[in-house]
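Each chain, letter by letter, is given below.
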Amino acid sequence: PRFVWMYRQWVIDAFNDDLPYDEFIVDQIAGDLLPHATQDTLVATGFLRNSMINEEGGIDPEQFRMEAMFDRMDAIGKGILGLTIQCAQCHTHKYDPLTHVEYYRLFAFLNNCHEGAATVYTRDQQHQRDAIIAETARIETSLKASLPDWQAEMQAWEQSVSGEQPQWATVSPQLDASGGQKHYVLEDGSILAAGYAPTKHTTEFTIETKSPAITALRLELLNDPNLPHNGPGRSIFGLFALSEFRATAAPLDHPDQQTELKFVSASADANPGERPLDATFADKTNNVRVTGPIGYAVDGNDLTAWTPDIGPGRSNVPHNAVFLLETPLSNPAGFRITFRLAQMHGGWNSDDNQNNNLGRFRFSVTDAASAAADPVPAAVRAVLQVPVAERSPEQIDTVFHYWRTTVLSWQSANATLESLWQTHPQGASQLVLLERDETRATQRLNRGDFLKPAEEVTRGVPAFLNSLPDEKPTRLSFARWLADRNSPTTARALVNRVWQSYFGTGLISTPEDLGVQGDTPSHPELLDWLAVDFMDNGWSTKHLHRLIATSATYRQSSNVTPEQFARDPDNRLLARGPRFRVAAETVRDIALAASGLLQEHIGGPSVHPPAPDFLFAPPASYGPKTWHTDTGADRYRRAVYTFRFRSVPYPMLQNFDAPNGDFACVRRVRSNTPLQALTLLNEPLFVECAQSLASATLTQCKGDDNARIAWAFERCVSRAPKPEEVALLREFLVEQRRRLSTGELDAQPLIGESTKTDNAAELATYTALARVLLNLDETVTKD
């Protein structure tokens, strides 16, 4: 499972609020780079993070980053430009104006992003968080008022801690060769974990240092934009659990004299109390695993672990732990040290969601006596390097937040603030784009192979499209170029897809390709006029919908004569109204709405309606997956909220031609198969809908069978039934009653509170009727 529901929420809100389509594009491609970026514009960049990932062992993360990049290019080409630009990924095509080099010049705009997962908050959580920050500021203001010379005392404290820390020498390791999880050594000597995420493992890193004397080892945990919640861990909370920290050492001039290092003490800047391991990391054993203070990392017990988790809002920051040697090392030639990090507090399935691994970390050594972890947070320590007179108000607050916790006379207020911060919301993780500070070079790839880089290319746009005036274009420049009024395809592509949603086929029947190799427009002047009118009216999608829905063309009857059908079977001439089966999600929503079960509230995480258990275990699924079927109102939410695994699509939606989501899709196939009828008749949720519709018919309509048939019929197809239809359905009811009375048919057990009634046989009869009505072609057909 991935955590991207906040992006879906942003999209729904954007359409409901009629966010101009040009802004809709810019926010999704470069919302993080806007001058006044907000959480919403950051969440919007989740659009390009919906590409597939690979968590298998032994993978090269760079290979699948490039696969994701190709998918993002495809999504922009099909979804925004209406062009199949992925054809130029491997080479230049003879009849395609987009060249191989131009493809990679476009590629360069997207190739400088972190694969981040930011912390985001719902509106309620934002209000809660704002209240905590406001109350904290109020209490801190009162503390300052109670101590008029607080600034002088804080500066005195700064001087007292400025020389406390020993000098540490960073040691850059050889990479762990144990296999599985991939590690990268970064320029600052730190290590970044990526790729496959084993949940129980020990990583080894060997370093060589010329330091002649070593008294302590330090492990720093660092933030990184590529980690969940900015790290420093790889778990879904951006944290980690270090089960054991072990090390061996040998003199560089006598590498065979390796000894196990023993520690007389361990210290860390964060030492939470003991607590049971979060259920996220359950491992299907009876072992009781706990997390707690740093001592748990050197107690010789793999069932205990150190974690820096001191609560939401404060844990996803840099941390440090220091391990003081029982016997200092001394050798003029230096040492070879092997660090072993045991991480045994993950879950039962090795993947991104159940690992509890370190994310980014760094080793260092010192020869100082009695070295200990720096209790001053890294953010505060950084501000202390700035002269007092040059500090901003925010930097002063950063120091004050920590310093006040050291003032003994403020213990009561500090305890109040600590309790307040314990209520800080956890926040959700959302995949986003974040620009790298250091520009990543982009090279043309021969045959699209990431192992065959050719010459370096600069950012640019295809010569056959509108020009890009910026001399040093950014991803934001690219986003604005996509949404420029001079773009020949952007407005047309959107207008064409909206037309497709109303008529079943766009004015251009190949919405993914508006070029010469796609279909020619059936009404080119109309397409041009709609695109210009769309832009002239502020890129308003609601204006576009209203314009089409109220047009005489759309409001025509879908009735067709044999002559019309013979001349224009696909209705490309628009001589009649559209008639086609609705999309998979709408099929489900119609049944829920007609039955009265539909939950209409908007937003929130995905839900898990009924699905067969065998789908989520091998061999139906490549690996085991979790699917906790919802039992309450969430069971009946709109299909847009149904969680979907790409490798195990939700059966009902797949039967009605919903795409898997493996790649960008702007045009669905539409089939008519027996599986669809079987789904509407027998799938558990549709049976529940039939029972609910039957119950509502019996309780809300007090007439005879004819009246009840008409009432239920109209709820399903939005028109009154014809007399012959009523007669046929009445015959069906009579037959069902006969079968029930003779025992030929049993009254099925009822599902859900809404279906309770004293007359089970009558409810069973009308449930059978409801199954027929919900399975009518007209019920699921746009007509």
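Look above for the structure.
Residues numbered from 1 in each chain as written. Predicted model: local features only at pLDDT ≥ 70, side-chain atom pairs only at ≥ 80, totals over all residues. Heavy atoms only, no water.

Peer 1: I keep staring at the overall build of the protein chain and nothing clicks. Help me out?
Peer 2: Broken down by element type, the protein chain carries 22 helices and 20 strands. Seen along its three principal axes, the alpha-carbon backbone of the protein chain occupies a region of about 100 × 70 × 60 Å. Split by element, the accessible area of the protein chain, about 36500 Å² in all, is 53% carbon and sulfur. Of the side-chain charges in the protein chain, 72 are positive and 97 negative, and the distance between the mean point of each set is 4 Å. (Helix = DSSP H or I, 4+ residues; strand = E, 2+ residues; numbered from the N terminus. Areas by Shrake-Rupley, 256 points an atom, 1.4 Å probe, with all protein chains shown as cover. Lys, Arg positive; Asp, Glu negative; His and termini not counted. Charge placed at Lys NZ, Arg CZ, Asp CG, Glu CD.)

Peer 1: Looking at this model, I keep getting lost on the packing of helix α4 (residues 61-81) against helix α5 (residues 100-110). Mind explaining?
Peer 2: The relative placement of two packed helices comes down to the angle between their axes together with the axis-to-axis distance. At their nearest, the axes of α4 and α5 sit 10 Å apart, and the two run at 105° to each other. Considered as vectors, α4 and α5 are oriented roughly perpendicular to each other. The residues of α5 that touch α4, namely those facing Met 66, Met 69, Phe 70, Arg 72, Met 73 and Ile 76, are Tyr 103, Tyr 104, Leu 106, Phe 107 and Leu 110. Among the residues making up the contact of α4 with α5, the classes are represented as 10 nonpolar, no polar and 1 charged. (Axes fitted to C-alpha atoms, helices over the stretch in contact; angles between N-to-C directions. Parallel < 35°, antiparallel > 145°, perpendicular 65-115°, else oblique. Contact = heavy atoms within 4.5 Å. Nonpolar A, V, L, I, M, F, W, Y, C, P; charged D, E, K, R; others polar.)

Peer 1: Any chance you could explain the sheet that holds strand β14 (residues 335-343) here in plain terms?
Peer 2: What holds strands together in a sheet is hydrogen bonding between their backbones, with the strands either parallel or antiparallel. Taking strand neighbours across the sheet as the criterion, the 4 strands line up as β5-β14-β7-β8 in an open arrangement whose pairing is antiparallel. With partners counted over all chains shown, the strands left at the sheet margins are β5 (201-209) and β8 (259-260), one partner each. Two elements, β5 and β14, share 9 bridges in a ladder whose sense is antiparallel. Residue pairing in the sheet places Thr 202 in a bridge with Ala 342 of β14. (Pairing = 2+ DSSP bridges.)

Peer 1: Any chance you could explain the packing of aromatic side chains here in plain terms?
Peer 2: Given two aromatic rings, their pairing is described by the distance between the two centres and the angle made by the two planes. Tallied over the full model, the rule gives 37 aromatic pairs. An angle of 50° between the planes, with centres 5.8 Å apart, marks the rings of Trp 157 and Tyr 402 as tilted. Of this pair, Trp 157 sits in helix α7 (residues 150-162) while Tyr 402 sits in helix α9 (residues 393-403), and the two are 245 residues apart along the sequence. Each member of the pair, Trp 157 together with Tyr 402, is buried. Ring centres 5.9 Å apart and planes at 20° place the aromatic pair Phe 478 and Trp 481 in the stacked group. (Phe/Tyr/Trp six-rings, centres within 6.5 Å; stacked < 30°, edge-to-face > 60°. Buried < 20%, exposed > 50% of the residue type's maximum accessible area, 1.4 Å probe, protein only.)

Peer 1: Explanation requested: the nonpolar core in the structure shown.
Peer 2: Soluble globular proteins tend to bury their nonpolar side chains together. Counting 69 residues, the largest nonpolar core has Ile 29, Phe 478, Trp 481 and Leu 482 as the members making the most contacts within it. Per-element accounting of this core gives the leading share, 8 residues, to helix α12 (residues 490-503). In contact with Phe 478, not counting residues within four places along its chain, are Ile 29, Ile 76, Leu 106, Phe 109 and Leu 110. (Core = buried A, V, L, I, M, F, W, Y, C linked by side-chain atoms within 4.5 Å.)

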